[in-house]
Amino acid sequence: MSARLVAPVAEDTIFFGGGLPDPTMHPTDAMTRLLTELLAAPEAQLLGYCHGAGDDDLRVAIAQRFSARERSDVSPDQIVVTNGSSGALSLLAAALIDPGDVVLCEALTYPGVLATFRQMGARIVAVPLDGDGMCPGELAAMLTQLRSERARVKMLYTIATCQSPTGTVLNEQRRREIIDIVDRFDILIVQDATYADIRFDNPFPPELITLAPQRTVHVASFSKTLAPGLRMGWAAGPPAIIDVLAQMRTDLGTSRLVQRMVARLIAEGDLDRHLFHVNAWYRQKRDVVLDALAASCGAHGSWNVPAGGFFVWLVLHRAGLDAVEAAGAQHGVGFFPAPYFSAGGTNVPGIRLAYGELDRGQLTERVHRLGRAIAAAT
Ligand SMILES: Cc1ncc(COP(=O)(O)O)c(C=O)c1O
């Protein structure tokens, strides 16, 4: 949590908090049915440990769904099931990063992964991003500079699809440019696709693993689509890397019971039916936020129209973030400001408006309170 959020606040303060799914929308009926069926006739190992790369049924289901959607060719033996996508990122960091190694990432990114990389002694280098995602020209210039310093650049970490906090989707041209650049500098890409299944508009650009299968590890999660408490995620990539991740893990695996349930949710079509339903719901919430912004913040800032994910990114025109936070405390609204997500090198006055988890009925009021706070701070 940002230390800023513990400042004194109005009693009924409402926060634009984390990147969480709507807790009233978890597919509990399908989960209950499947868990009941699985437990009614348990296989010998259903409640035992599930070491290594994970349950075969789930790896097959993930590979088939992903390959069909992406028109790519990811096979089950290229997949390791992990404790959420954060579990995959921790394994990757432990496997690949030596103290002093450089990890490049978007200048605004997921704070959890910065902590993970720093625990391994990484030097984080922030690449500028704009409304279309990471800027390839800046990336190339930074890599040239790092090469001249003889820095060991270990990976490029990117939330290319439905970025957090900015909500951008890296466009296809930039994806191809970035792949050309990392090819030239021989660097691994780690794409964090945690929000990539929350999408409102089609088509989306191809994922990086589809464009560059030899040098991309794709990290994904069921936290935002099914429920975070399942602790279910996965990584796909070159078998040599995936095998290392599976062999080096010391967490004794993830629950086979939950893996089997998720495998059937995928294979029997429940996941995609659920996504069809919830993505329409999240799209409505996004639109409520956009309408309320137009009504109350038009003079104060500009924002994106996210094609997916849980975040609208509001950039203030004049007011300073500290002043808006202080005024927000009085007007009963809190938020995560840009510095919370900063990997360095940016002082954009941005505010992340996360709408996934929030009650739709309260969204308009939240944005209007924010508008009043910004007006008071300007
Ligand atoms: C960008 C991003 N990556 C990874 C994670 C970790 O998600 P999980 O471990 O629940 O899959 C989060 C959590 O919010 C996130 O926002």
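Residues numbered from 1 in each chain as written. Predicted model: local features only at pLDDT ≥ 70, side-chain atom pairs only at ≥ 80, totals over all residues. Heavy atoms only, no water.

Participant: I tried to follow empty space enclosed by the protein on my own but got confused; where do I start?
Facilitator: A water-sized probe rolled over the atoms picks out the places where empty space is left. The full count for this structure, using the stated rule, is two cavities of 30 Å³ or more. Approximately 160 Å³ is the volume found for the largest cavity. In terms of lining, the largest cavity is formed by 15 residues, of which the most central are Arg65, Phe66, Asp197, Ala220 and Trp234. Only α2 (56-70) and β9 (216-221) provide two or more residues apiece to the lining of the largest cavity. Looking at which element gives the most residues to the lining of the largest cavity, the answer is α2, with four residues. Grouping the constituent residues of the lining of the largest cavity by class yields eight nonpolar, four polar and three charged. Surrounding the second largest cavity, Pro21, Asp22, Met25, His26, Lys224, Thr225, Leu226, His274, Val278 and Tyr282 form its lining. Among the residues making up the lining of the second largest cavity, the classes are represented as five nonpolar, three polar and two charged. (1 Å grid on protein atoms, 1.4 Å probe; cavity = no way out; pocket = protein on both sides within 12 Å on 5 of 7 lines; lining within 4 Å. Points joined across faces, edges and corners; volume = space filled by probe spheres on them. Helix = DSSP H or I, 4+ residues; strand = E, 2+ residues; numbered from the N terminus. Nonpolar A, V, L, I, M, F, W, Y, C, P; charged D, E, K, R; others polar.)

Participant: Help me out: how do you make sense of unusual backbone geometry in this one?
Facilitator: Comment: phi is negative for the bulk of residues other than glycine, and the bulk of peptide bonds are trans. Between Ser164 and the following residue, Pro165, the backbone shows a cis peptide bond with an omega angle of 10°. Here Pro165 shows up in the loop between β7 (153-158) and α6 (172-185). Put simply, Asn202 and Pro203 share a cis peptide bond, and its omega is -5°. The topology assignment puts Pro203 in the loop between β8 (188-192) and α7 (208-211). In the Ramachandran plot, Arg231 falls in the positive-phi region, its phi being about 50° despite a non-glycine side chain.

Participant: What exactly am I supposed to notice about the packing of aromatic side chains here?
Facilitator: Here the distance between the centres and the angle between the planes together describe a pair of aromatic rings. Taken as a whole and judged by the stated rule, the model has nine aromatic pairs. Aromatic side chains Tyr195 and Phe311 sit 5.1 Å apart centroid to centroid with 75° between the ring planes, which places their arrangement in the edge-to-face category. Taken together, the positions of Tyr195 in the loop between β8 and α7 and Phe311 in strand β12 (residues 311-316) put the pair 116 residues apart, joining distant regions of the chain. No difference in accessibility class separates Tyr195 from Phe311, as the two residues are buried. (Phe/Tyr/Trp six-rings, centres within 6.5 Å; stacked < 30°, edge-to-face > 60°. Buried < 20%, exposed > 50% of the residue type's maximum accessible area, 1.4 Å probe, protein only.)

Participant: Looking at this structure, I do not really get the environment of Ile351. What am I missing?
Facilitator: Structurally, the position occupied by Ile351 is in strand β14 (residues 350-354). Overall, the relative accessible area of 0% leaves Ile351 in the buried class. Residues Ile351 and Phe335, spaced 16 residues apart in sequence, show a C-alpha to C-alpha distance of 6.8 Å. Beyond its immediate sequence surroundings of up to four residues, Ile351 is in contact with Val312, Trp313, Leu314, Leu316, Leu321, Val324, Phe335, Phe336 and Leu370. (Contact = heavy atoms within 4.5 Å.)

Participant: For this particular structure, what's the right way to read the packing of helix α1 (residues 28-40) against helix α9 (residues 256-267)?
Facilitator: Packed helix pairs are characterised by how far apart their axes lie and by the angle those axes make with each other. Look at α1 against α9: their axes get within 10 Å of each other, and the N-to-C directions meet at 120°. By the angle between their directions, the pair α1 and α9 is classed as oblique. In this structure, α1 meets α9 at a crossing whose hand is right-handed. Between α1, through Ala30, Met31, Leu34, Leu35, Glu37, Leu38 and Leu39, and α9, the contact on the second element is made entirely by Leu257, Arg260, Met261, Arg264 and Leu265. (Axes fitted to C-alpha atoms, helices over the stretch in contact; angles between N-to-C directions. Parallel < 35°, antiparallel > 145°, perpendicular 65-115°, else oblique. Left-handed = near helix turned anticlockwise from the far one by under 90°.)

Participant: What is the right way to look at the side chain of Gln78 in this model?
Facilitator: In this fold, Gln78 is placed in the loop between α2 and β2 (79-82). Apart from the residues within four sequence positions on either side, Gln78 is in contact with Asp73, Ala235, Ala236, Gly237, Pro238, Pro239 and Ile242.

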